[in-house]
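Spelled out from the first residue to the last, the chains are:
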Amino acid sequence: METLNPNPVNDSINVFLIGNNPIELSSIYDKLKEIKSRTFKTEIGFELKGLVNKIRRFSPSCILIDDNLSRLDIAKLIKRLSSDNKTKNIPITVIKNSNYREGFGEVQDYVLKESMTSDTLSHSILNSIKFKRMQTYVYKKYKKNKSRIMSLIQG
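Predicted, not measured: the structure shown is a model, and the values here were computed from it. (Residues numbered from 1 in each chain as written. Predicted model: local features only at pLDDT ≥ 70, side-chain atom pairs only at ≥ 80, totals over all residues. Heavy atoms only, no water.)

Another aspect to go through is the overall build of the protein chain. When helices and strands are counted, the protein chain shows 4 helices and 5 strands. Mapped in sequence order, the helices and strands of the protein chain form the string β-α-β-α-β-α-β-β-α. A burial count over the protein chain gives 37% of its 155 residues as buried. As displayed, the protein chain offers around 9,600 Å² of accessible surface, 50% of which is attributable to carbon and sulfur atoms. Considering the protein chain, the positive charge centre built from 27 side chains and the negative charge centre built from 16 side chains are found 11 Å apart. (Helix = DSSP H or I, 4+ residues; strand = E, 2+ residues; numbered from the N terminus. Buried < 20%, exposed > 50% of the residue type's maximum accessible area, 1.4 Å probe, protein only. Areas by Shrake-Rupley, 256 points an atom, 1.4 Å probe, with all protein chains shown as cover. Lys, Arg positive; Asp, Glu negative; His and termini not counted. Charge placed at Lys NZ, Arg CZ, Asp CG, Glu CD.)

Here it is, written out as structure tokens:
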């Protein structure tokens with residue numbers, strides 16, 4: 001199973017930021033730059049048109065979506081990313097304005113803007129990456145060993 005490098009100082013993590021408010025995204029970007037233990041390379045997407053192709057080319061380790069986009073746009077984007085072979089294993093974190101709205105099914109984590117610090121953002125990204133890798137690993141192992149599992153269950 002893939003693990004994150006134990007030497008975090010030399011690691012660089014590609015993060016793709018998505019949103020429609022440059023001020024909000026620059027605030028998130030600034031929080032990423034405040035993190036001293038890791039380097040985050042970022043790409044920002046404002047336009048939904050062509051976004052999936054831009055994400056594929058950048059090959060991010062994590063995607064952050066600002067919830068200032070409409071719920072419908074976020075849901076469509078998450079569905080598209082989750083079904084695309086090149087993006088389905090990229091963890092998604094939604095940066096939320098409030099905790100009152102319901103979540104999205106394929107998202108690994110949520111971070112509230114009002115309580116977001118560089119540390120909480122860093123932990124969220126790293127935990128999302130670890131969780132998605134574990135989820136992908138378990139799914140691949142299950143697919144590979146499905147017949148053996150079924151024979152044990154049916155006994």
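With that settled, the discussion passes to the packing of helix 1 (residues 22-34) against helix 4 (residues 118-154). Any two packed helices are characterised by the angle at which their axes cross and by the distance between the axes. Remark: helix 1 packs on helix 4, axes separated minimally by 8 Å, with the N-to-C direction vectors making an angle of 85°. Considered as vectors, helix 1 and helix 4 are oriented roughly perpendicular to each other. Contact residues: Ile28, Lys31, Leu32 and Glu34 in helix 1; Ser118, Leu121 and Ile125 in helix 4. Here the residues of the contact of helix 1 with helix 4 are counted per class, giving 4 nonpolar, 1 polar and 2 charged. (Axes fitted to C-alpha atoms, helices over the stretch in contact; angles between N-to-C directions. Parallel < 35°, antiparallel > 145°, perpendicular 65-115°, else oblique. Contact = heavy atoms within 4.5 Å. Nonpolar A, V, L, I, M, F, W, Y, C, P; charged D, E, K, R; others polar.)

One finds Ile18, Ile55, Ile63 and Ile65 to be the most contacted residues of the largest nonpolar core, which totals 18 residues. For this core, the secondary structure elements donating two or more residues are strand 1 (12-18), helix 2 (51-58), strand 3 (62-66), helix 3 (71-83) and strand 4 (92-96). Setting aside residues up to four positions removed in sequence, Ile63 forms contacts with Phe16, Ile18, Ile55, Leu81, Ile90, Pro91, Ile92 and Thr93. (Core = buried A, V, L, I, M, F, W, Y, C linked by side-chain atoms within 4.5 Å.)

This brings us to a nonpolar patch on the surface. A cluster of nonpolar residues, Phe131, Met134, Tyr137 and Val138, forms a patch on the protein surface that exposes about 340 Å² of accessible area. Its location among the elements puts Val138 in helix 4. (Patch = residues over 30% accessible without salt bridge, like charges linked within 9 Å, V, L, I, M, F, W, Y side chains within 5 Å. Salt bridge = Lys/Arg side-chain N within 4 Å of Asp/Glu carboxyl O.)

Evaluated as defined, the whole model comprises 5 salt bridges. Of the charged contacts in the structure, one is a salt bridge between Glu24 and Lys113, with a shortest N-O distance of 3.1 Å. Separated by 89 residues along the polypeptide, Glu24 in helix 1 and Lys113 in the loop between strand 5 (109-112) and helix 4 bring together distant segments of the chain. On the basis of relative accessibility, which here comes to 26%, the residue Glu24 falls in the partly exposed class. In this structure, the salt-bridge partner of Asp67 is Lys113, at a minimum N-O distance of 4.0 Å. Of the two residues, Asp67 sits in the loop between strand 3 and helix 3 while Lys113 sits in the loop between strand 5 and helix 4, which places them 46 residues apart along the sequence. Grouping residues by exposure puts Asp67 and Lys113 together as buried. Put simply, Glu24, Asp66, Asp67 and Lys113 are held in one network by salt bridges that share partners.

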